[in-house]
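# Descriptive analysis of the structure
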Amino acid sequence: MTVTIRPADKRDVLAVAELIEEIERFYGAIDSGIQRLEERRTQVEEALFGSPPLASALLVEDEIGDIVGLAAYSFLWPAAGSSHSLFLKELYVRGNLRRQGIGVRLMDELRAIAAARPGCSRVEWMTDSDNPGARAFYKSLGFAEFDGKIVYRVDSGTA
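Treat the numbers as computed from the prediction; the structure is a model and nothing was measured. (Residues numbered from 1 in each chain as written. Predicted model: local features only at pLDDT ≥ 70, side-chain atom pairs only at ≥ 80, totals over all residues. Heavy atoms only, no water.)

## Observations concerning the pairing of strand β2 (residues 56-61)
- Counting buried residues along β2, five of its six residues qualify, which places the element largely inside the surrounding structure.
- The pairing of strand β1 (residues 4-7) with β2 spans four bridges and is antiparallel. Each residue of the ladder has a partner; that of I5, found in β2, is V60.
- The sheet contact formed by β2 and strand β3 (residues 67-76) spans six bridges and is antiparallel. Of the residues in β3, the one forming a bridge with L58 is A71. (Buried < 20%, exposed > 50% of the residue type's maximum accessible area, 1.4 Å probe, protein only. Helix = DSSP H or I, 4+ residues; strand = E, 2+ residues; numbered from the N terminus. Pairing = 2+ DSSP bridges.)

Rendered as structure tokens:
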């Protein structure tokens, strides 16, 4: 299958909001834990196209124009010294398209975006320790796991 990888634009908001439900279900969410579509749509629009935008996304579009994957990222500062990093928050490719090189292409594109941005010193991301598929994917690309950080998380009190 031929796919196109491109930056998200405003016409993609609904499709991205729908894909986020698929991603949530992939991570084990059940119906009661899924945000209403209209709320997701509003949050996607604010995150990607607000002023200022909170994030950016590369989308994977199939031959008929359906959005079948994404790489959501932001730039974080500081990284090494006073440089900044591209932080990959989510990389997702629909199940029937996995193992076809699309994830590799997304990672290559993210690395190119980071390299083209002055002052961006690295690309960083995380995966769950209980996600052997993701861990194997990153290992297959030659990326070693970094044991130097522990992730902390606390809810902000808002949805």
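## Some points on helix α1 (residues 13-26)
- In a regular helix each residue adds 1.5 Å, so 14 residues correspond to 20 Å; α1 covers 20 Å between its end C-alpha atoms and thus fits that length.
- Here α1 has its buried residues at V13, V16, A17, L19 and I23. Each buried residue of α1 sits inside an arc of 165° when the element is viewed along its axis, so together they form one side.
- Those residues of α1 that are buried lie in contact with α2 (37-49), β2, β3 and β4 (84-93).
- Once α1 ends, the next one or two residues include G28, with phi positive near 105°. (Expected span 1.5 Å × (residues − 1). Arc of directions from axis to C-beta. Contact = heavy atoms within 4.5 Å.)

## Digging into the pattern of salt bridges
- This structure, assessed with the given rule, holds 12 salt bridges.
- Across the pair E22 and R94 runs a salt bridge whose closest N-O atoms are separated by 2.7 Å. One end of the pair, E22, is in helix α1; the other, R94, is in the loop between β4 and α3 (102-116), with 72 residues separating them in the sequence.
- Beyond isolated ion pairs, a larger network of salt bridges with shared partners links E21, R25, D31 and R40. (Salt bridge = Lys/Arg side-chain N within 4 Å of Asp/Glu carboxyl O.)

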